[in-house]
Amino acid sequence: MGDDSEWMKLPTDQKCEHKVWKARLSGYEEAVKLFQKITDEKSPEWGKYLGLLKKFVTDSNAVAQLKGLEAALVFVENAHVATKTTGEVVSGVVTKVFNQPKARAKELGADICMMYIEIEKVEVVQDELLKGLDNKNPKIVVTCMDTLRRALSEYGSKIVTLKPIVKILPKQFESREKAVRDEAKLLAVEIYRWIRDAIRPSLQTINSVQLKDLEEEWVKLPSAPAKQTRFLRSQQDLKAKFMNQSAEGGADSDGDDEEDAVVAVDPYELLEAVDILAKIPKDFYDKIEAKKWQERKEALEAVELLAKKPKLENGDYGDLVRALKKVVGKDANVMLVTLAAKCLTGLATGLRKKFGTYAGQVVPTILEKFKEKKPQVVLALQEAIDAIFLTTTLQNLSEDILSVMDNKNPSIKQQASLYLARSFRHCTQATLPKSVLKPFCAALVKQVNDSAPEVRDAAFDALGTAMKVAGEKAVNPFLADLDKLKLDRIKESSDKVELPGGKKGGGGGGAGDKKAAAKAPPIAEAPAKSSAPPRKNPSAAASKTASGPPKKSKPASAAGGKAKKTSDNKEVIETELSIEACEDLAGGVLPASCLQQLDSANWKERLASMEEFQRAVETMDKGQMPCQALVRMLAKKPGWKETNFQVMQMKLRIVTLIAQKGQFSKTSASVVLDGLVDKVSDVKCGGIAKEGLTAIGEACSLPWTAEQVVSIAFGQKNPKNQAETLNWLANAMKEFGFAGINVKGFINNVKTALGATNPAIRTAAITLLGVMHLYMGAPLRMFFEDEKPALLAQIDAEFEKMKGQSPPAPTRFNKRAAAEEAGDDGEEQDEEGGAAAGGQDIMDLLPRTDISDKITSDLVSKIGDKNWKIRKEGLDEAAAILSEAKFVTTNIGELPLTLKERLGDSNKILVQQTLTILQQLAIAMGPGLKQHVKALGIPIITVLGDSKSNVRAAAMTTLQAWVEQTGMKDWLEGEDLSEELKRENPFLRQEVLGWLAEKLPTLRTVPGDLMLCVPQLYACLEDRNGDVRKRAQDALPTFMMHLGFEKMTKAAGKLKTSSKDQVVAMLEKARAVMPAKPAAPTKAGGGKDSAEPSRAASASRSQPASDDCVDSKPEVKKIRGGAPAKKGAAGKKPPAKGAKDEEDKSGPIFVLIPNAKEQRIKEEKQLKILKWNFNTPRDEYLEQLKTQMSTCFAKWLQDELYHFDFQRHVKAIGVMIERLESESDATISCLDLILKWFTLRFFDTNTTVLMKVLEYLKLLFVMLKEEDYHLTEYEANSFIPYLILKVGESKDVVRKDVRIILTMLCKVYPASKIFPLLMDGTKSKNSKQRAECLEELGCLIEGYGMNVCQPVPAKSMKEIAVHIGDRDTSVRNAALNTVVAVYNACGEQVYKLIGNLSEKDMSMLEERIKRSAKKAAAAPAKPSVVERTQKEHPTNPNATFLRKPAQEEPNKLNQARQNNQHSESSHPSIPREFQLDLDMIERDQSRVCEMPDLVQHNMEELLEPMMIPEPKIHSVSPHYDELHNSTASTINFVISQVASGDINTSIQALAQIDEVLRQEDKAEVMSGHIDQFLIATFMQLRLINSTHMADERLDKRDIIKLYSCIIGNMLSLFSMDFLAREASMGVLKDLMHGVITLMLDSRVEDMEDGQQLIRSTNLLVIRVLEKSHQTNMISALLVLLQDSLVTTAGPPKFSELVMKCLWRMTRQLPETIDRINLDRILLDVHNFMKVFPKEKLKQLKNDVPHRTLKTLLHTLCKLTGPKILDHLSMIENRNESELEAHLRLVVKHPGNLSGLKSDRGNEKGGLRTDDRMSKAKVSDILSEIFKKIGSKENTKEGLTELYEYKQKYSDADLEPFLKNTSQFFQSYVERGLRMIESEREGKSQIHSSAVIPQHGVDSSLTSNNEELKPAVYYERLKILRQRQGLENTSRQGGGVEDEPQQRPPISSLLSSKPSVASSTDMLHSKLSQLKESREMYQQEHNAHSNSPSHTHTRSASPAANLDDLKKRLERIKSNRQ
């Protein structure tokens, strides 16, 4: 008892495993009670017993075991975790319970098994029970069988899989134990109850006595189908239904449920496959070739025996089939033919669909063999071909059958027809679409008229069967040419036809049996006599494809349906009436007077008669209108020869009216067509004639009308008629669509037209071809390959125009055909919906070559040779055969099997070659390729598993090429695809799944066999390879869209528990993103209202089918036409629903919810929702965003945004772009969600979507800036990091857009906060991203200085410097550039910030800093724009930064920067503006000549009052503005808007400036802003050229308007000399570039008013050339010419136009020579010649540039003479200059300067002949001047002339004229000259500074019409010094003559490089500001260089500083050299 008390204290679970049986018994009892108490199936309590459950059932003590079983049963029933124990518990029950003697134990064991089945573990239970059948203990075997029988009885054959049970059943019948045999018998009876006769084949092997017993038992069973009585947990709804029915006594059980209950089991599925290939005798292939027929017979008998096996294992039966085919085709012994046919029957029956591969090879041979007369041969062949039919489809065999329909042998024709009749019986309306039926009916209609009666009978049978299956409606259109007797005969045959299963066909009136209704709803049709409106025959309701125009069918009422059909739908066939009969008929409907006057001689009477005629026709009833009689009356004399055009017009109108109103037949049409065609080109009647033809087209069908019309027109000789007929036809095709057009019929006429001499006919023919190309596409060109190249080029050009256009929707329809074809066309294609039937027809029209005779056995053996080189030769030959044939028939001999072997070749090169041949074959064979899919297509899929990526890529290309021709259906049918996926090859799996994921969403239906791939798909979801798993996940939703969630989940139930949970979770996710099925292809113009109700009804019926019935082609077909039908739409609703949808879309797309965004931010902060932070977006993020969006986004928009199809995303973004302006507030309220959605798109790989996203983002940030909105940190952090990912995108176009967006971001989010995000971006593994981020960082630092480096500059700089050592060059460069940007901002401090670098990196950095000093100095120019922007937009706290702009800011902008920069400084003795940073200059080791280091200033402004600089502040009050130069800032602002990206903004700004420029008094305010304005203008020109012109959405009229404003402004500007001359050289260069580009833009020419615009531009160019500063203009043109010759990228005529401008400037030189700065022009010429030396110029394509330059130089020499050599002072190393040599050459030869003016002679030489000759003339001039000085009146004039003469000829000798005059006169003259000089000097200073403040020395020199000569400088300096009291008379012999030699070259200040940069590289103008003062000082200094004391005395003066400056500059220069 002590022991007892010990275990009694233990807890229940420990008692259950106690060693004492009583303890266990007690434990089990407690467990039962405990288990019944636990209510929560997921309670943790259950877990304690998981490991004990097996012990419960296997307890060694019988008493305890019984209680243990009870406990186990309760556990399994109630515990959620019970499923985990299934295997071990059931195994325990089988081995330890079923052998027990106690019945109760066995019963409990069986109950446990049943309960496990109930909790969805049927497979495991069944496996364990089947294992139990192999147990040696018969008790166990019996009980296992009994349990199986019970499971089947209760759960039914849907739950319990019968195949494995049936497989082991025969073995149990052989058992020695009677109990086992009896139980097996009971099980067999139970199985029979569920599947009936399907079990018979499997039990044929058992003992005949047992079989007889079984038969007796089977007969006793009730005929009612068995029903499931116990249900799984997932079938509770069925359980409830069953309980209800039981309660009601089962009386009203629903037929549909019965249908569900009976699962049609295919006996074939229950059989075990046998591999017979291994069992074929080894000598079979030798024997089958033996000469003795007996040996051949032996071989065949052996195979026949094997082939009788009911189910054969799949394998390569190619050789066997070829051998049998050879016997059938060529063996003379009919007995052997019969045997071979039987073998083929056996193979086809045993392999089923797997035999389809070989069907195409065998069928033609069998059909040919039907010439045999012997009945046993014919019967065997019939059996064979019938068995083969079941393995493939009628479509695949159609070509083979049609090819023998014209055979001469009547037996073959008869058997082919009979075969068709038998085949049709196996079809349904869905599998016998019109496209398949049409060619067969055409062939059979011919045979109906055959001379052989047996052929005719067979044809009637076939047509009758077709009518029965497809319905009269489908077949009747093809029987139009048959008479009534034959039609009746066909109908009679149709009535006799019995379809398998007793189904009624589509033409039958009955509703068909239940099964038919359930399986194929389209076949079922309400009885025609029913008074209730019938359920529309879906074939009629099915909407139409593009193969034929939609017809205006009105749903016929049921009652009148039949009657209407005969009257309306059937083509009107009319016999030809005699003229008398016609007169009688016409007399009955027309007034007598009308008929009498028809042929009156008076035209007025004829006209009156016509008017009466028309009135009568208009009022006539359709049924009473005798069309033929009426048109014959019209054709009565004068008929179509009518001479009066008014009468003729009336006639034609009446014909049109009759055709439109009456029942117009082809007979009537034939009467009038001649007349209409004759008038088609008539000027007055042509239009009406064409209307008549169109009306006849509507009445008699366009294809027929067109054929008649074209043949009539080309039968005439009138070229106008031919041309107009073709034009009419082209238009008619667009109106009617292309359906039914007989292309072959036209092609020959079109070819005739193309060869016509009349150009109008050729043009019309080409236009017609263009229209045909819209419908036919590329294949059309193949008909014209042989035309002449010139004509072909025209045709290609027409085709090119049509590219990308889609055919217009038909607007007219053939009235009668409308009703006939309304439904049939819908069935015409298979599910691809890809090529419209029209497209297929085109492929059929192509002339195809039969190459089977070229595929010889030699070629086949070559391709299969052991030597790879010979194999390659064979493949080359095969490729050559295909290339030569172009298009081939489907019969290609033994090539398929031969090529299949090569796909597995060990030599990969041959595999690739084979794939190339297969691609070739796809194009050559077209749609006929379908029959080779199984033989050749599936092996291509096998190649996708190759380890080499190039082979896989070739295989995928081939696969795509095949699918394009065959569609997907054939690939998905059968087990082949699932077999391929079973191969555990990761490459194959990922390629195939990727391919399926791409293709499945495009299909509307798929074959049911797709289900076979699901287990493999699930296996791939758990594949070891990550890529396979990813592809499988991508494919999951596409499988689900066809198979439905339920089916997929059910399939997942068979997986292991661990896998199942995972897969089910994935299925749930896939369900959320499951794509919608594609809409049925809308037949062009198919949206007819009348078809809507039926379409909707069919849609609502078809919707559920997607889940239940996969292969539901008929249902899905019905959706064709219109928009995708809405789910569950009621029969009549869709039109209204569609309207409602449209209405919804017109509403706002975003909902503005107050504080919604704030709430979201708050939730994220409180971690209530996920923070938007991930590496790749997971599903939970997707779901969260979807939920958040649902409240603020329109429902339809959200659906589009989350659609599976990327096209929908593009569409949605398009809508968002459209609404951006109108819904800006709502957009901002949803901004965080919009940006988050876009971040998801950054993870897509689709470039189209990405580009659309970036387009939206650019517009969005522009809008945000305008709205003055700033991103919150929440928004920025959830968007910017993901945008930065895209900056490393491989595509340039994407990177470019991302950079633009990053730039814009700085306007709506602080740059300092973007900086850290970019820093994170530099840590990426993507080198492009690192480089781009570093570039962006550099730009930020350049734009905003070091303050932008957050958190601290030192940390950031160290991180950036790390990248200097990066492996990637671009990253290294970007890092170096960024550090250089920092160096420019903070100088030497950069070395501290970056810390320690490796020696190599440091040397790289130092080198880069050294080289980039120029950029470093130029960098400060950039913030000017920043500052200006800040002033203009005071609301914007974060100004933009610029990405290394192409142009630097012009001089004016720099001045503005200077003003701002120094506004704070006080004014020391030397203003800071004029200080040089000399230390920096000396440190800088780059080229001195470019001198950008000097602080910018303008010397001229010395004479102007000092401007108070504008302070740099964010907001400027109006009051403050008035105080501080509001005009200048206003102009700056307006000018900045000129370059705006928004056209309207730019136009408004231009209008404001134009207003100023038009008023001369106001125009002055523009002075000083000209460069700035011109820069904005040419930037706008560039923007228009690059962006606006390419933007399809912009109205081109707006662009023209903008161009006009720009040109108008320029014309106004350049009409004012003083403003025009302000334009600097760089700006003029860019302006000319922009304007010339505009003149050459062909897009502008094509625009409306484009020509006028170009003429205005031309005028502008002339104005600019005339009015601008001539020196600047010539320099600009020279640089522009140089650029255009260096870069050949621009338009070819560009340089030509630049040269024309230069010629014009050259022609103006005689007038302008005094105003130009020769030194500068010669420097530019010198630079040009450095880039293009003489030799290089001569090598150019043409010599015009060379001649242009020569002309310019010659003209300059001609005008200035040898003095030109003095103007080379700006050129360094003059000796090296080609220019000097050239000028010396020109100057040397007087012949070159024949026009030289004498007074422009050499200053020094009086030796030249022309000088001597001119002395007399000089004397005359001077004596004349002195006379004037001597006279009182003209003294002043004389002095002025003398001064000017002296200025011109400074070396003129006045001594002879002065020596005879008094001393007083001489001093008077001297004093007068001096006064004039000082007067002019002062004026020129003031004048030049007032007008042209920018141009420093140039403007001050040229304003006085003086040449740039040393003497002038000296004279001017002398005057200035005198004024200042500094004149020093101690000159030491250095006269004027010596000065040029003594002074250092000015060129040290100027660049020796050609100035090729754009307008902002304005080195000349920058330096010219220092130039004048320097030159004055240098000359003065050099002139007095011998006076050392001089410098010391003035050391305190500014000159001393200048002296110091000069020395330092010289030192710098020498250092650098």
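Above: the structure in question.
As the structure is a prediction and not an experimental result, all values here were calculated from the model.

1. Quick notes on the overall build of the protein chain
Here comes step 1: The helix and strand inventory of the protein chain stands at 107 helices and 0 strands.
Here comes step 2: For the protein chain, buried positions account for 52% of its 2017 residues.
Here comes step 3: In the protein chain, the share of contacts with a sequence separation of at least 24, taken over all contacts with a separation of at least 6, comes to 75%.
Here comes step 4: Summed over all atoms, the accessible surface of the protein chain reaches about 91,800 Å², with 52% contributed by carbon and sulfur.

2. Details of helix α39 (residues 719-736)
Here comes step 1: With 18 residues, α39 should reach 26 Å at 1.5 Å per residue; the first-to-last C-alpha distance of 25 Å fits that figure.
Here comes step 2: Within the sequence span of α39, burial applies to N721, Q722, A723, T725, L726, W728, L729, A730, A732, M733, E735 and F736.
Here comes step 3: One side-chain oxygen at the N-terminal end of α39 lies 2.9 Å from the backbone nitrogen of K720; it belongs to N718.

3. So, the packing of helix α96 (residues 1744-1760) against helix α97 (residues 1778-1788)
Here comes step 1: Between α96 and α97, the shortest axis-to-axis distance is 10 Å and the interhelical angle comes to 55 degrees. It follows from the interaxial angle that α96 and α97 lie oblique. Between α96 and α97 lies a crossing of right-handed hand. In this structure, α96 uses K1750, L1753, H1754 and C1757 to contact α97, whose residues at the interface are L1779, H1782, L1783, V1786 and V1787.
Here comes step 2: Of the residues assigned to the contact of α96 with α97, the class counts are 6 nonpolar, 2 polar and 1 charged.

4. Structural notes on a negative patch on the surface
Here comes step 1: A surface patch of like charges, here negative, comprises E1221, D1225, E1266, E1267, D1268 and D1542.
Here comes step 2: Summarising the element assignment, E1267 is placed in the loop between α68 (1247-1266) and α69 (1273-1277).

5. Concerning the pattern of salt bridges
Here comes step 1: By the definition in use, this model includes 77 salt bridges.
Here comes step 2: Look at the salt bridges and you will find they share partners, linking D111, E118, R150, E154, R230 and R233 into a network.

6. Observations regarding the packing of aromatic side chains
Here comes step 1: Under the defined criterion, the tally for this structure stands at 22 aromatic pairs.
Here comes step 2: Consider the rings of W1172 and F1174, whose centres lie 5.1 Å apart with planes at 75 degrees: the pair is edge-to-face. You'll find W1172 and F1174 in the same group, each marked buried.
Here comes step 3: Chaining the aromatic ring pairs together yields one cluster made of W1172, F1174, Y1181, F1243 and Y1282.
Here comes step 4: One Lys or Arg, K684, reaches over the ring of F645 and ends 4.3 Å from the middle of that ring.
Here comes step 5: Over the face of the ring belonging to W1237 we find R1241, whose NZ or CZ atom lies 4.6 Å from the ring centre.

7. Quick look at the side chain of T143
Here comes step 1: The topology assignment puts T143 in helix α9 (residues 138-155).
Here comes step 2: The exposure class of T143 is buried, given its relative accessible area of 7%.
Here comes step 3: Excluding residues that lie within four positions of it along the chain, T143 makes contacts with F98 and K106.

8. Regarding helix α37 (residues 686-700)
Think of an α-helix as 3.6 residues a turn; residues three or four steps apart then line up on the same face.
Here comes step 1: Along its 15 residues, α37 runs 21 Å from first to last C-alpha, staying within 8% of the 21 Å computed at 1.5 Å per residue.
Here comes step 2: With 12 of 15 residues buried, α37 is to be regarded as a mostly interior element.
Here comes step 3: Here α37 has its buried residues at G686, I688, A689, G692, L693, T694, A695, I696, G697, E698, A699 and C700.

9. Re unusual backbone geometry
Here comes step 1: The backbone of R352 shows a phi angle near 55 degrees, a positive value even though the residue is not glycine.
Here comes step 2: Topologically, R352 is positioned in the loop between α19 (334-351) and α20 (356-369).
Here comes step 3: Using a relative accessible area of 33% as the deciding quantity, one classes R352 as partly exposed.
Here comes step 4: Here S701, not a glycine, exhibits a phi torsion of approximately 80 degrees, which is positive.
Here comes step 5: Note on placement: S701 falls in the loop between α37 and α38 (702-715).

10. Focus on the side chain of E1275
Here comes step 1: Along the chain, the position of E1275 falls in helix α69.
Here comes step 2: Polar contacts involving the side chain of E1275 include one to the side chain of Y1269, which spans 2.8 Å.
Here comes step 3: Sequence-distant contacts of E1275, that is, excluding residues within four places in its chain, are made with K1157, L1231, D1232, L1235 and Y1269.

11. Regarding the environment of Q1062
Here comes step 1: For Q1062, the position within the fold is in helix α57 (residues 1057-1072).
Here comes step 2: With relative accessibility at 40%, the residue Q1062 sits in the partly exposed group.
Here comes step 3: Sequence separation between Q1062 and E1022 is 40 residues, and the spatial gap between their C-alpha atoms is 9.0 Å.

12. Details of the packing of helix α35 (residues 645-661) against helix α36 (residues 666-679)
For any two helices packed against each other, one specifies the inter-axial angle together with the distance between the axes.
Here comes step 1: Relative to each other, α35 and α36 sit at 130 degrees, their axes nearing to 12 Å. When the axes of α35 and α36 are compared, the pair comes out oblique. Handedness of the crossing formed by α35 with α36: left-handed. Where α35 abuts α36, its residues M648, L652 and V655 lie against V672, L676 and K679.

13. A short note on the environment of V81
Here comes step 1: The topology assignment puts V81 in the loop between α5 (62-78) and α6 (86-96).
Here comes step 2: For the pair V81 and E41, spaced 40 residues apart in the sequence, the C-alpha separation amounts to 8.1 Å.
Here comes step 3: The contacts of V81, once residues within four sequence positions are left out, are W46, L50 and F75.

14. Regarding the environment of L336
Here comes step 1: Inspection of the secondary structure puts L336 in helix α19.
Here comes step 2: In this structure, the C-alpha to C-alpha distance between L336 and V377, residues 41 residues apart in sequence, is 9.3 Å.
Here comes step 3: If we skip the residues at most four places from it in the chain, L336 touches W293, R296, K297, L300, V327 and D331.

Conventions used here
- Sequence positions are assigned chain by chain, starting from 1 and proceeding in written order.
- Side-chain atom pairs in this predicted model are given and counted only at pLDDT of 80 or more, local residue features only at pLDDT of at least 70, and totals for whole chains, interfaces and linings cover all residues.
- Water and hydrogen atoms play no part in the side-chain values, which are based on all heavy atoms of the structure.
- Starting at the N terminus, helices and strands are each numbered in turn, a helix being any DSSP run of H or I of at least four residues and a strand any DSSP run of E of at least two.
- Buried residues are those whose accessible area, probed at 1.4 Å on protein chains only, stays under 20% of the maximum for their type, while exposed residues exceed 50% and partly exposed ones sit between those limits.
- Throughout, a contact is declared for two residues whenever any of their heavy atoms are within 4.5 Å.
- Using a 1.4 Å probe, the Shrake-Rupley method yields the accessible areas, and only the shown protein chains count as cover for residues.
- Multiplying one less than the number of residues by 1.5 Å gives the expected span of a helix.
- Any pair of N or O atoms that falls within 3.5 Å is considered a polar contact. Within protein, one atom must be able to donate a hydrogen and the other to accept it, and sequence-neighbouring residues count only if both atoms are side-chain atoms.
- Fitted lines through C-alpha atoms give the axes, limited to the stretch in contact for helices. The angle between two N-to-C directions lies from 0 to 180 degrees.
- To sort the angles, those under 35 degrees are grouped as roughly parallel, those over 145 as roughly antiparallel, those from 65 to 115 as roughly perpendicular, and the leftovers as oblique.
- Should the near helix be turned counterclockwise from the far one by less than a right angle, the crossing is left-handed, whereas a clockwise turn marks it as right-handed.
- Charged means Asp, Glu, Lys or Arg here, nonpolar means Ala, Val, Leu, Ile, Met, Phe, Trp, Tyr, Cys or Pro, and polar covers whatever is left, Gly included.
- A patch consists of residues whose relative accessible area exceeds 30% and which take part in no salt bridge; residues with like charges are grouped when within 9 Å of each other, and nonpolar side chains (Val, Leu, Ile, Met, Phe, Trp, Tyr) when within 5 Å.
- Criterion for a salt bridge: a side-chain nitrogen of Lys or Arg within 4 Å of a carboxyl oxygen of Asp or Glu.
- Positive charges are assigned to Lys and Arg, negative charges to Asp and Glu, while His and the chain termini are left out of the count.
- Charge placement uses NZ in Lys and CZ in Arg. For Asp and Glu, CG and CD serve respectively.
- Pairing of aromatic side chains requires ring centres within 6.5 Å, counting the rings of Phe and Tyr and the six-membered ring of Trp. Pairs whose planes differ by under 30 degrees are stacked, by over 60 edge-to-face, and all others tilted.
- We call a charge positioned above a ring when the Lys NZ or Arg CZ atom is no farther than 6 Å from the ring centre and deviates by at most 35 degrees from the ring normal.

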